[in-house]
Amino acid sequence: MAICVLIVVFSWFPLLSRAANFPGAVSLKCEYLINPIGIDAIHPRLAWQLNTDKRGVQQTAYRILVGTDSVVVSKGEGSIWDSGESKGDVQLVAYSGKSLTPFTKYFWLVEVWGRNHEKIGSSAVASFETGIMDSKNWQGAWISDGHDVTRKPAPYFRKTFEITKKIKSARAYIAVGGLYELSINGKKVGNHRLDPMYTRFDRRTLYVTYDVTSHLQNGKNAVGVLLGNGWYNHQSTAVWYFHQAPWRGRPTFCLDMRITYEDGSVETVSSGADWKTSLSPLIFNSIYTAEHYDARLEQPGWNTAAFDGSKWNGIELRAAPSQNIVAQVLHPIRNVETIPAKSVKQLNDTTYVFDLGRNIAGVSRIQVKGPSGTVLRLKHGERLYPNGHVDMSNIDVHYRPTDQSDPFQTDIFTLKGSGEESFMPYFNYKGFQYVEVTSTTPVTLTQSSLTGYFMHSDVPVAGTIKSSNPVIDKISWATNNAYLSNLFGYPTDCPQREKNGWTGDAHIAIETGLYGFDGITIYEKWLADHRDEQQANGVLPAIIPTSGWGYQWANGPDWTSTIAIIPWNIYLFYGDPRLLNGCYDNIKRYVNHIEQMSPSGLTSWGLGDWVPVKSQSPVELTSSIYYYVDASILAKAANILGKSDDARYYQALATKIQNAINAKYLNKETGIYGSGLQTELSAPLYWGIVPESLKSKVAANLAKRVEADNFHLDVGLLGTKTLLNALSENGYADIAYKVAAQESYPSWGWWIVNGATTLYENWAIDAQSDISLNHIMFGEIGAWLYKGLGGIKPDPKWPGFKNILLTPHFAEGLNQFEATHESLYGKIVSSWKRSGKKIIYQVVVPSNATATLTLPIRKGNKIYEGRTPVKESSQDIIILSLAENQVSYQLQSGKYQFEIR
């Protein structure tokens, strides 16, 4: 390992841009959202960050003020809750004031104090607004159009109403079985896509809240709703039997529009028997395949007050899909990025192929002129045949169409023939790079005629990676693209062939997601889906949500350990035990079920190291390791939640599993697990199975195994989680980097040098199966860059990055590296570069946090902070240990610049 010196050079070091000392607290969030509306939480979580660049700042007390008048709150009065000056350094607090009431906007601020009772300052006023809160508060009826599940055209709904008084505010609350777009007076409300998020519809139904004040007008108004099928009424047929879902029904909705007037009166416009319905030009829509739209059937102005709806039909009253109607409180799906076509090729007078230049999840928009009745087919795919046409053979393998009317990933657009027309799907998304457009009549298309839109849950970016190796940077970018392409209110495996919430893919990628993005709202929603799907005996399906598929195959502990691994990682990254607590009984039932099945401590329930390069590790080994992980997490959760009896029991169970694994698979003389494959050695190391006395021997064997494999991967899904981490955490970071930076087969870099802009499903680009070109399952490398090179890790003893574990590795062959992560407390920066024989290392520890920094050194190296040798502890830097090969410090918050010379 090559190491030299640390220096800090501010000219290239990214500084935090914050105003000096005011306001004292910033980035106020409620339920991890900025000024949310329509929340149901009775104890919403309030969070903030400190706004100061001073070194060593610690919060010693806080005061939260909540009221219904922003002016009063800004003056330091909390009529609903005044926490008083509360001792503590926490920056995430659950509301505990007076009972919150529905349909109410609350304002809040926080005051913070530092050491010696010095007041750091107050925040600006933020807000949150409650929604329905209780099902009895709904006034609207559930309505549909009376057709059955086989009817293909999507239904329109409309209602007109009068407003005669001056409006103060207006909110629309809409719950839907299916998907919807809401409009008022001819304009779409909001910029969300594919609302509401997919759930087990017969057990939990989501509603969404909008501020519609600006949409309303004095006089006559009209509200319109277009309903789509989504996963609720799945009309396409595939191997997962979603068309046979027990909840399946014709799309339905319930809406309350609550209008508050300036005189204090309230009026609610609701869905009910007085609404009208008609079929729309959206003649077919499938979340799985595509959409068909006939512009000749358009009804201009259908959602405006002036429209004559006298010929429309009456509605049908329906039962609610479930009795559990709750607020959708998460970052929504949006068209996040516009992707212009990079090129277009005309294959003949009726066929064009557009190339976006990168693989995305989302939709395309076509703009075209042509005669009435001209039919355009837009075929979306990830690759091309040699003749230039779109090839879908890698992504349509699980589709089971009953006829030719619903082609896979192919929108069908029929022109009305009135000048330039455009179409973009309402209730569908696809995975694609290429779009082949064919028309029944020749039309003229140019490169600007088609645009792509990258769609995904619009989670805030929380991390960045930069390095001196362009391939590493491209791997990071491609990993992020694959992660976001598979985030649609739940984590999926791929955006084209399946769109399924595969559990194994998701827990492998959880750290990649949390380092890079603020995704807690998505995971809290998805773990609620887990709780909805878990059977009484503890069994979970392999895909979540599901119509029933996945309870008998692919759902062993190596996959469905999501129920434990994801809540645990949320706790580590956010320091928030709420999800862990909410899933505790579910984890316990799951572990108890495995214990009942496998009293010896070993289990063969699972898929194993899925899609390996060439070598297959024993399923019993990998599944038993995940069984151990689940029992260990359960024991730790029990300790955190004060369940001491459970903590003792499940820790003993974890030890029993560990001993059983080692008794069967570990050769203590040689330090080899099994036959010594990469996964067989790295999985026990990473997950804590290896006895402490044998870690160095097992790690050395792993390093030798990787060297024997010519520093290339020989792992599948489970091994990609463990290989790089096991190397870098046990003294072989240089080897881990060598594997990560490879550019020949098999490696991540091999994909990149062959044009990948997302991660693939198979190491072999020419594989005959399992070859989606936009999969997240091999995405752990994204997290490893933060951990293995930047060295940023949460401390389980002080979670949420209250104390940051910093263990950077200055890997041979890399000259510069920087990782940043926006934590609950603020931005963490770990940045290093070589300067001659020195290593220049720079770090930012957010205010009110600390860091335990461990630096690798060589004999004779000295550490400098700025120009001063670090020889003894100071107020900001406490020396924890000095050894020949590493030094450890405890850092207070602030910016530091070190040299290793």
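Structure shown above.
What counts as what
The residue count restarts for each chain, going from 1 along the sequence in the order it is written. Only residues with pLDDT of at least 70 are given local features in this predicted model, and only at 80 or more are side-chain atom pairs given and counted; all residues enter the totals for whole chains, interfaces and linings. For side-chain calculations, the full set of non-hydrogen atoms in the structure is used, while hydrogens and water are omitted. Buried means the residue's accessible area, taken with a 1.4 Å probe over protein chains only, is under 20% of the maximum for its type, while exposed means over 50%, and partly exposed covers the values in between. Helix and strand assignments come from DSSP, with helices taken as H or I runs of at least 4 residues and strands as E runs of at least 2, each series counted from the N terminus. Between any two strands, pairing holds if DSSP finds at least two bridges. Working convention: axes come from line fits to C-alpha atoms, limited for helices to the stretch in contact. Angles between N-to-C directions cover 0 to 180 degrees. Stacked, edge-to-face and tilted labels apply to pairs of Phe, Tyr and Trp rings (six-membered ring for Trp) whose centres lie within 6.5 Å, assigned for plane angles under 30 degrees, over 60, and everything in between, in that order. When the NZ atom of lysine or the CZ atom of arginine is within 6 Å of a ring's centre and also within 35 degrees of its normal, the charge is said to sit over that ring. Within this document, salt bridges are pairs made up of a side-chain nitrogen of Lys or Arg and a carboxyl oxygen of Asp or Glu, the two lying within 4 Å of each other.

Draft legend 1. Up close: the pairing of strand 32 (residues 410-414). Among the five residues that make up strand 32, five are buried, leaving the element largely enclosed by the rest of the structure. Judged by which residues are buried, strand 32 turns out to be covered on both faces: T410, I412 and T414 on one side and D411 and F413 on the other are all buried. Alignment of strand 22 (residues 291-294) against strand 32, held across three bridges, turns out to be parallel. Bridged to H292 within strand 32 is I412. Where strand 29 (residues 375-381) lies against strand 32, five bridges are found, and the strand directions are antiparallel. Counterpart to V375 in the pairing with strand 32 is T414.

Draft legend 2. Fine view of the sheet that holds strand 7 (residues 92-94). Taken together, the three strands give an open sheet; going across it, the order is 1-3-7, and neighbouring strands pair in antiparallel fashion. In this open sheet, the two edge strands, each paired with only one partner strand, are strand 1 (25-30) and strand 7. The mean angle between the axes of side-by-side strands here comes to 20°, regardless of whether they run parallel or antiparallel. Where strand 1 meets strand 3 (residues 45-50), four bridges bridge the pair, whose relative direction is antiparallel. Following the sheet pairing, K29 is matched in strand 3 by A47.

Draft legend 3. Geometry of the pairing of strand 34 (residues 430-439). Counting buried positions along strand 34 yields nine of ten residues, so the element is predominantly enclosed. Bridging between strand 28 (residues 351-368) and strand 34 involves eight bridges; their strand directions are antiparallel. Bridging across to strand 34, V353 finds its partner in E436.

Draft legend 4. Structural context of the packing of aromatic side chains. Across all of its chains, the model carries 53 aromatic pairs by this definition. The interplanar angle of 25° and the centroid separation of 5.4 Å between the aromatic rings of F413 and F423 together place this pair among those described as stacked. With a gap of ten residues between them, F413 in strand 32 and F423 in strand 33 (residues 421-423) connect regions that are remote in the sequence. Judged by its relative accessible area of 1%, F413 falls in the buried class. On the basis of relative accessible area, F423 is assigned to the buried category, the value being 3%. One residue, K499, lies across the ring of Y429, its end atom 4.8 Å from the ring centre. When the ring centre of F711 is taken as reference, the NZ or CZ atom of K738 above it lies at 3.9 Å.

Draft legend 5. Examining the sheet that holds strand 23 (residues 313-314) more closely. Overall, antiparallel pairing links the six strands, which are arranged 15-14-17-12-20-23 in an open sheet. The sheet is open, and its two borders are formed by strand 15 (187-188) and strand 23, each paired with just one other strand. Alignment of strand 14 (residues 179-184) against strand 17 (residues 219-228), held across six bridges, turns out to be antiparallel. Bridge assignment links Y180 to a residue of strand 17, and that residue is L227.

Draft legend 6. Representation of the pattern of salt bridges within the structure. Tallied over the entire structure, the rule returns 46 salt bridges. A salt bridge links R55 to E865, with the shortest nitrogen-to-oxygen separation between them at 3.3 Å. On the criterion of sequence distance, the pair formed by R55 in the loop between strand 3 and strand 4 (61-67) and E865 in strand 45 (residues 863-865) is long-range, its members being 810 residues apart. Using a relative accessible area of 32% as the deciding quantity, one classes R55 as partly exposed. Notably, a salt bridge pairs D646 with K588, separated by 3.0 Å at the nearest N-O pair. Of this pair, D646 sits in helix 11 (residues 644-665) while K588 sits in helix 9 (residues 584-597), placing them 58 residues apart in sequence.

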